[in-house]
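# Structural characterization, general
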Amino acid sequence: MEKISILLGKAVQKITRLKGNGGSALPGLVIEKTNPHFVQEILAKLPYGVVVISGTNGKTTTTKIVTELLQKQGLKVFTNETGSNFVRGVISAILNHIKLNGDFDYDIAVLELDEAHAVKFCEIVPINYALLLNVQRDQLDRFGEIDHTAELLQKVATKAKRAVILNREDPRVSIIKAGNPLYFGLSDILIKKFPSDDNLVEQSKAKASTKPARVVLKTLKDNHAVYEINSKSLACNLLLKGIYNAYNAAGALALCLTILPDTHPEEFVEDLAEVESAFGRGEIFKINNSDVELLLVKNPSAFQLSLASFADDEHEYMIAINDHIADGRDVSWLWNVDFSALPSVRMTAGVRATDMQLRLKYNDVKVAATVEDLQTATIEFLNSSQKPKRIFATYTAMLEIRKIIAGKSII
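Owing to the predicted nature of the structure, the values given are computational and were not obtained by experimental measurement.

### Thoughts on the overall build of the chain
Looking only at helices and strands, the chain has 15 helices and 15 strands in total. Against the compact-globule benchmark of 22 Å for 411 residues, the chain has a radius of gyration of 21 Å, which places it among compact chains. Projected onto its principal axes, the C-alpha coordinates of the chain cover approximately 60 × 55 × 40 Å. Across the 411 residues that make up the chain, the buried fraction comes to 55%. Contacts spanning at least 24 positions in sequence make up 71% of the contacts within the chain whose residues lie at least 6 apart. Carbon and sulfur atoms make up 50% of the accessible area of the chain, which amounts to about 17,900 Å² in all.

Right, dumping it as structure tokens:
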């Protein structure tokens, strides 16, 4: 049955690609309907089992970090590199890598899954490890209130047979019950920079938890991070930018040290210094001899942390806001972000460009231009000056802008 499913899935996959739909989840859907146990049967063969990484923010980058750190240690890592956050997406990713004879030459699966999809996945596939990052208001059209999201992550935690890695500083994640909970955390100095969803304004009141953490991000300055692991301080210069990426890396380190306990922490930290940003998450492009940085923002905390890391007087800024389904229809969350750190904004763009311009006005941030059409706005912004630039964008806006930037007529 397994080989028949592989043949069927690859046939459907080839047809969809011939029709120009290379990213289609249709092959996974066909397998899901004809052989519901396919993904379980394939992943059950992996010596180190399955890792699920979930939470509101940071899944893609954290999955990339974990994948690369484990690969550096010689493990063959399967991951859903296209970010398909549901069971059929994982099946489609398997079909991309499995041979017709059923050979699936991997040691471990590291999978990024949205909270709701993670629950469904864990009901089908046994998992060994879970890394749960955070719970924030994000795409409420899909998942409802954050307490419900926390309940979903609790269900995921109960399915992990070996260990669950929890964000010690997220009040909804740190209380998740698990058989073998481990934590990653922040120093008292850095936690003040991390707004909770409940309290984006009174950040200064936040204090680090007293729960022991496997990995703690102690300090971060100019991308020079210091992590405390087993009471020892280990430093590295990160290619990853932003305090949130440095903190997600702490979770990744805690997970990797749990999976490979005999590996020296110094090795993982040294390898961490070579990991680059994920697709659209702090990528830097060279346009007209100046740097253009593309930053995904999708909820208040993510945006606030981006501003804490990237707002300065040396760059020009564009903010692109869409309200498509993948972004979340309700953009009222923009009013929970304090934009006063921005000196000015050259351009607001996207479907909700005018809403963004109005929000900035209430923080006394001057906006030079507002253009809804992303093609027009992006080209005008890129050609505005020789100064380095940063673009904050919601998901669909980020995808479109990335294509524009990558076009030969602009680079």
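### Observations concerning the packing of helix α2 (residues 26–34) against helix α5 (residues 87–97)
Remark: α2 packs on α5, axes separated minimally by 7 Å, with the N-to-C direction vectors making an angle of 105°. Judged by the angle between their axes, α2 and α5 are roughly perpendicular. Between α2, through Pro27, Gly28, Leu29, Ile31 and Glu32, and α5, the contact on the second element is made entirely by Val87, Arg88, Ile91, Ser92 and Leu95.

### Topic: the state of the cysteines
Applying the stated criterion to the full structure yields zero disulfides. No disulfide involves cysteine 236; its sulfur sits 13 Å from the nearest other cysteine sulfur, which is in cysteine 256. Relative accessible area serves as the criterion here: at 6%, cysteine 236 is assigned to the buried category. The class for cysteine 256 is buried, based on a relative accessible area of 0%.

### Some thoughts on the packing of aromatic side chains
In this structure the tally under the stated criterion is 10 aromatic pairs. For the pair tyrosine 244 and phenylalanine 310, a centre-to-centre distance of 6.3 Å together with 65° between the ring planes defines the contact as edge-to-face. Linking tyrosine 244 in helix α10 (residues 243–259) with phenylalanine 310 in helix α12 (residues 300–310), this pair joins segments that are 66 residues apart in sequence. For tyrosine 244, a relative accessible area of 18% corresponds to the buried category. When its relative accessible area of 3% is taken as the criterion, phenylalanine 310 is described as buried. Relative to phenylalanine 339, the ring of phenylalanine 303 has its centre 5.0 Å away and its plane inclined at 85°; by these criteria the two rings are edge-to-face.

### Comments concerning the nonpolar core
Counting residues in hydrophobic clusters, the biggest one holds 67 residues, and the most contacted among them are Leu70, Tyr227, Leu272, Phe303, Phe339, Leu342 and Phe392. No other element matches the 13 residues that α10 contributes to this core.

### A few points about the layout of surface pockets
Roughly 370 Å³ of internal volume is contained in the second largest pocket. Leu220, Asp222, Asn223, Ala308 and Ser309 are, among the 15 residues lining the second largest pocket, the residues nearest its centre. When residues of the lining of the second largest pocket are traced back to their parent elements, those giving at least two are β7 (215–221) and α12. With three residues, the single largest contributor to the lining of the second largest pocket is α12. Each residue belonging to the lining of the second largest pocket can be placed in one class, and the counts come to six nonpolar, three polar and six charged.

### Some remarks on the pattern of salt bridges
Enumeration over the complete set of coordinates arrives at 16 salt bridges. Put simply, lysine 99 and aspartate 103 hold a salt bridge, and the shortest N to O gap is 3.7 Å. The shortest N-O distance in the salt bridge between arginine 168 and glutamate 169 comes to 2.8 Å. Salt bridges linked by common partners bring Glu293, Asp312 and Arg390 together as one network.

Rules and cut-offs
- Residues numbered from 1 in each chain as written.
- Predicted model: local features only at pLDDT ≥ 70, side-chain atom pairs only at ≥ 80, totals over all residues.
- Heavy atoms only, no water.
- Helix = DSSP H or I, 4+ residues; strand = E, 2+ residues; numbered from the N terminus.
- Rg over C-alpha atoms; globule rule 2.2 N^0.38 Å.
- Buried < 20%, exposed > 50% of the residue type's maximum accessible area, 1.4 Å probe, protein only.
- Contact = heavy atoms within 4.5 Å.
- Areas by Shrake-Rupley, 256 points an atom, 1.4 Å probe, with all protein chains shown as cover.
- Axes fitted to C-alpha atoms, helices over the stretch in contact; angles between N-to-C directions.
- Parallel < 35°, antiparallel > 145°, perpendicular 65-115°, else oblique.
- Disulfide = S-S within 2.5 Å.
- Phe/Tyr/Trp six-rings, centres within 6.5 Å; stacked < 30°, edge-to-face > 60°.
- Core = buried A, V, L, I, M, F, W, Y, C linked by side-chain atoms within 4.5 Å.
- 1 Å grid on protein atoms, 1.4 Å probe; cavity = no way out; pocket = protein on both sides within 12 Å on 5 of 7 lines; lining within 4 Å.
- Points joined across faces, edges and corners; volume = space filled by probe spheres on them.
- Nonpolar A, V, L, I, M, F, W, Y, C, P; charged D, E, K, R; others polar.
- Salt bridge = Lys/Arg side-chain N within 4 Å of Asp/Glu carboxyl O.

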